[in-house]
Amino acid sequence: MKKVAFIICVVFFNCKSPDSPLLAEYKNQALHDIEVDSVKTFTYGLPFISPIEAQRKIQEIRKHKRDSIYKKYGLFMKNQGCVIGDKKMDEAIRAYHKITDSYLDNRNGKGWKEKMEKELSKY
């Protein structure tokens, strides 16, 4: 019930002005991700993959452990690639996080970001 009321409030407050298609897409995606409890956290740049097999396996294990920690807190990593200086994308991602941040605070409780970072720092 809280999710539905939260989503209705967000939709109501975001209906005041027409947005760019990209901004509207990210706002809609934020609402969808809240419903399915899989909010995205965005990263940038190309991922580095070690050419050495042993290093590659270690990287895969670390990535799996980090992904499981993100999932525990209702997050999903989404790499945006190389989008430096894309103001429309930056605005869309800020709008996405504006919608999802309060949901994640309610879902995970106070201080959840610090707890998550502490768990992630091990990997």
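Our subject in this report is the structure included herewith. Quick caveat, the model's predicted, so the values are computed rather than measured.

This part covers the environment of F76. Turning to its location among the elements, F76 is positioned in strand β2 (residues 75–79). F76 gets classed as partly exposed once you look at its relative accessible area, which sits at 44%. Considering only alpha carbons, one finds F76 and D33, 43 residues apart in sequence, at a separation of 9.6 Å.

Moving on: the packing of aromatic side chains. In total, this model carries 4 aromatic pairs according to the counting rule given. On the numbers, 5.2 Å between centres and 75 degrees between planes, the contact of F42 with Y96 is edge-to-face. One end of the pair, F42, is in strand β1 (residues 39–43); the other, Y96, is in helix α4 (residues 87–108), and 54 residues separate them in sequence. In this pair, the class of F42 matches that of Y96, namely buried.

About the cut-offs
Residues numbered from 1 in each chain as written. Predicted model: local features only at pLDDT ≥ 70, side-chain atom pairs only at ≥ 80, totals over all residues. Heavy atoms only, no water. Helix = DSSP H or I, 4+ residues; strand = E, 2+ residues; numbered from the N terminus. Buried < 20%, exposed > 50% of the residue type's maximum accessible area, 1.4 Å probe, protein only. Phe/Tyr/Trp six-rings, centres within 6.5 Å; stacked < 30°, edge-to-face > 60°.

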